[in-house]
2 protein chains.
Amino acid sequence: MRELNHPPRKSLTLTGVLYALSDPVRLAIVKHLAEDGGKACGTFCLPVAKSTASHHFRVLREAGVIQMRPEGTQYINSLRREDLDARFPGLIESVLRATGPI
Amino acid sequence: MRELNHPPRKSLTLTGVLYALSDPVRLAIVKHLAEDGGKACGTFCLPVAKSTASHHFRVLREAGVIQMRPEGTQYINSLRREDLDARFPGLIESVLRATGPI
DNA sequence: TCTATCGTTCGTAAACGATAGAACAATTAA
DNA sequence: TTAATTGTTCTATCGTTTACGAACGATAGA
């Protein structure tokens, strides 16, 4: 797998991040990654086809929410918590802490 | 002007609120309302036609982000801060505090 | 009344986004 | 070399979203 592009911290936009987080599938990915990072794409049990899942991982990556590190035949995903906390303090934490209807 | 429907606090969804906030025009509305609430729709100087602005106000209202109270020929808008804070503690504050690229 | 104001609603067009299947590329294991 | 695994990319579809102008409705004021 080849190295993918990730936006630098400074160019993350608030609307971009909010939009990336506003989809239930993507929010589920983010919540899983917050609990234990370093998971490959295939380990998420998402209710969509793998091409659709790939699309969602890409949206999260391009918004700067996750990092995708190639390793063998898979990508290891992790939350870009430090970058997110630096750019939008408290945002991710409040999103992760939210309860109730998705 | 007639009374409009507002979702009850309990039925606000995280993805719905995040989506409503993920548009630059709507985010601008929310930021203005956070600075001083009780503003009519026409006072916002938005870069879109009034029918489009009306659409954005509706999206914010239906997501539970703002309240629109009819008064004479206009609607007085305000942030539903208490409801938002109760459902998603810290979320709105972090969104309002965010700096840098929109 | 008549008029002006404020915002919604309607109709329409263009752009976007979520979805999936098929084909592809890269890597690993047999 | 062959096969299996992992995930991407391509293509297409379908519904949603944003946008605008025109028309409409409600209210206030002259």
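Refer to the structure presented above.
In this text, all values refer to a predicted model and were calculated from it rather than measured experimentally.

(A) Structural view of the packing of helix α1 (residues 14-21) of chain A against helix α1 (residues 14-21) of chain B. Running from N to C, α1 of chain A and α1 of chain B cross one another at 150°; their axes reach a closest spacing of 8 Å. The pairing of α1 of chain A with α1 of chain B is recorded here as roughly antiparallel in orientation. As for the relative orientation of α1 of chain A and α1 of chain B, their crossing is left-handed in sense. Residue-level inspection shows Thr15, Leu18, Tyr19 and Leu21 of chain A of α1 of chain A in contact with α1 of chain B, the latter providing Thr15, Leu18, Tyr19 and Leu21 of chain B. Here the contact of α1 of chain A with α1 of chain B is composed, by residue class, of six nonpolar, two polar and no charged.

(B) Region of the structure containing helix α3 (residues 50-63) of chain B. Residue and element names in this part refer to chain B. Between the first and last C-alpha of α3 there are 20 Å, a value that for 14 residues agrees with the 20 Å anticipated at 1.5 Å per step. Ala53, His56, Phe57, Val59, Leu60, Arg61 and Ala63 are the residues of α3 that are buried. If you follow the buried residues of α3, they end up packed against α1, α2 (24-35), β2 (66-71) and β3 (74-79). Where α3 terminates, the next one or two residues include Gly64, which has phi positive at roughly 90°.

(C) A look at the sheet that holds strand β1 (residues 39-40) of chain A. All names here are of chain A. Overall, antiparallel pairing links the three strands, which are arranged β1-β3-β2 in an open sheet. Only two strands of the sheet have a single partner each, and these edge strands are β1 and β2 (66-71). Pairing of β2 with strand β3 (residues 74-79), which is carried by six bridges, proceeds in the antiparallel orientation. Along β3, the bridge assignment pairs Pro70 with Tyr75. Relative to the sheet, helix α2 (residues 24-35) contacts β1, β2 and β3, its axis offset from that of β3 by approximately 80°.

(D) Region of interest: the protein's contact with DNA strand C. Taken together, 25 residues are adjacent to DNA strand C, and Ala49, His55 and His56 of chain A together with Gly42 and Ser54 of chain B come closest. Looking at DNA strand C alone, sugar and phosphate atoms form 68% of those within 4 Å of the protein. In this structure, a sugar or linking oxygen belonging to DNA strand C sits 3.4 Å away from a side-chain N or O atom of Thr73 of chain B. Secondary-structure elements contributing two or more residues to the surface near DNA strand C are α3 (50-63) of chain A together with α3 and β3 of chain B.

(E) A look at the interface of chain A and chain B. At the junction of the two partners, chain A supplies 24 residues and chain B supplies 24 residues. Taking both partners together, chain A and chain B bury about 1800 Å²; carbon and sulfur atoms supply 69% of that area. Between chain A and chain B we count zero salt bridges in total. One can count four residue pairs in polar contact (both at pLDDT 80 or more) joining chain A with chain B. For the side of chain A that touches chain B, the elements supplying multiple residues, two or more each, are α1, α2 and α5 (91-97) of chain A. Tallied by class, residues from the side of chain A that touches chain B come to 14 nonpolar, seven polar and three charged.

(F) Highlighting the protein's contact with DNA strand D. In the vicinity of DNA strand D there are 25 residues, among which Gly42 and Ser54 of chain A together with Ala49, His55 and His56 of chain B approach most closely. Atoms of DNA strand D within 4 Å of the protein: sugar and phosphate make up 69%, bases the balance. Residue Tyr19 of chain B places a side-chain N or O atom 2.9 Å away from a sugar or linking oxygen belonging to DNA strand D. Among the secondary structure elements, those contributing two or more residues to the surface near DNA strand D are α3 and β3 of chain A together with α3 of chain B. Split by residue class, the surface near DNA strand D holds nine nonpolar, eleven polar and five charged.

(G) Structural detail: the environment of Ile92 of chain B. Residues and elements named next belong to chain B. Relative to the helices and strands, Ile92 is located in helix α5 (residues 91-97). On the basis of relative accessibility, which here comes to 1%, the residue Ile92 falls in the buried class. Taking C-alpha positions, Ile92 is 9.5 Å from Val30, a pair spaced 62 residues apart along the chain. Ignoring sequence-local partners within four residues, the contact set of Ile92 consists of Leu21, Leu79, Arg81 and Leu84.

Cut-off values and rules
- Residues numbered from 1 in each chain as written.
- Chains lettered and ligands numbered in written order.
- Predicted model: local features only at pLDDT ≥ 70, side-chain atom pairs only at ≥ 80, totals over all residues.
- Heavy atoms only, no water.
- Axes fitted to C-alpha atoms, helices over the stretch in contact; angles between N-to-C directions.
- Helix = DSSP H or I, 4+ residues; strand = E, 2+ residues; numbered from the N terminus.
- Parallel < 35°, antiparallel > 145°, perpendicular 65-115°, else oblique.
- Left-handed = near helix turned anticlockwise from the far one by under 90°.
- Contact = heavy atoms within 4.5 Å.
- Nonpolar A, V, L, I, M, F, W, Y, C, P; charged D, E, K, R; others polar.
- Expected span 1.5 Å × (residues − 1).
- Buried < 20%, exposed > 50% of the residue type's maximum accessible area, 1.4 Å probe, protein only.
- Pairing = 2+ DSSP bridges.
- Near = heavy atom within 4 Å.
- Polar contact = N/O pair within 3.5 Å; in protein donor to acceptor, adjacent residues only side chain to side chain.
- Buried area = accessible area lost by both parts, 1.4 Å probe.
- Salt bridge = Lys/Arg side-chain N within 4 Å of Asp/Glu carboxyl O.

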